[in-house]
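Topology and contacts: notes
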Amino acid sequence: MTTEATFVRACGLSELEPDTPKRVELDGTPVSIVRTEGEVFAINDICSHANVSLSEGEVEDCAIECWLHGSSFDLRTGEPSGLPATRPVPVYPVKIQGDDVLVSVTQES
């Protein structure tokens, strides 16, 4: 059984500074919204290694770095690029409609 994606407004596109994560909560799920390299990405805001907010980290080369231990996660796939994190974090589909950034936390990519 597949779950149909339900998109909800996360924020306005105009609210996103390039390479600066914005933390939002969607249906009880903490999500980091990132505008980088001309695209907008949505990734679960909790590091898979330690229970800390990824939105407090730096964005570089389409990855977000956990500020606590330095693991980076690919914004497209959620895969970690190095230790200490070994598990990916969920990433979510994004749609842009006008100035609205819509994200589906019901369907992970």
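What you see is a predicted model; the values in this text were computed from it and never measured.

1. Some words on the UniProt feature "domain: Rieske" (unreviewed entry) in the chain
If you check UniProt for "domain: Rieske" (unreviewed entry), the listed places come out as residues 8–103 in our numbering. For the annotated span residues 8–103, helix accounts for 0% and strand for 44% of the residues, and the straight-line distance between the end C-alpha atoms is 5 Å.

2. Here we look at the nonpolar core
Soluble globular proteins tend to pack their nonpolar side chains together in the buried interior. Ile43, Cys47, Leu54, Ile64, Phe73 and Leu75 are the most contacted members of the largest nonpolar core, which has 15 residues in total. Residues within four places of Leu54 in sequence aside, it is in contact with Asn44, Asp45, Ile46, Cys47, Ile64, Glu65, Cys66, Phe73 and Val89. Ranked by size, the runner-up nonpolar core spans 14 residues in total, among them Leu13, Leu26, Val40 and Ala42.

3. Thoughts on the environment of Glu60
Locating Glu60 in the fold gives a position in strand E5 (residues 59–60). In the structure, Glu60 is positioned 53 residues away from Phe7 in sequence and 27 Å away in space, judged by C-alpha atoms.

4. Comments concerning the environment of Val8
Within the element layout of this structure, Val8 appears in strand E1 (residues 8–12). We classify Val8 as partly exposed; its relative accessible area is 25%. For the pair Val8 and Gly38, spaced 30 residues apart in sequence, the C-alpha separation works out to 21 Å. Those residues in contact with Val8, other than ones at most four positions away along the chain, are Leu26, Val101, Leu102 and Val103.

The rules behind these values
Residues numbered from 1 in each chain as written. Predicted model: local features only at pLDDT ≥ 70, side-chain atom pairs only at ≥ 80, totals over all residues. Heavy atoms only, no water. UniProt positions renumbered as here; feature names shortened; annotations may be inferred. Helix = DSSP H or I, 4+ residues; strand = E, 2+ residues; numbered from the N terminus. Core = buried A, V, L, I, M, F, W, Y, C linked by side-chain atoms within 4.5 Å. Buried < 20%, exposed > 50% of the residue type's maximum accessible area, 1.4 Å probe, protein only. Contact = heavy atoms within 4.5 Å.

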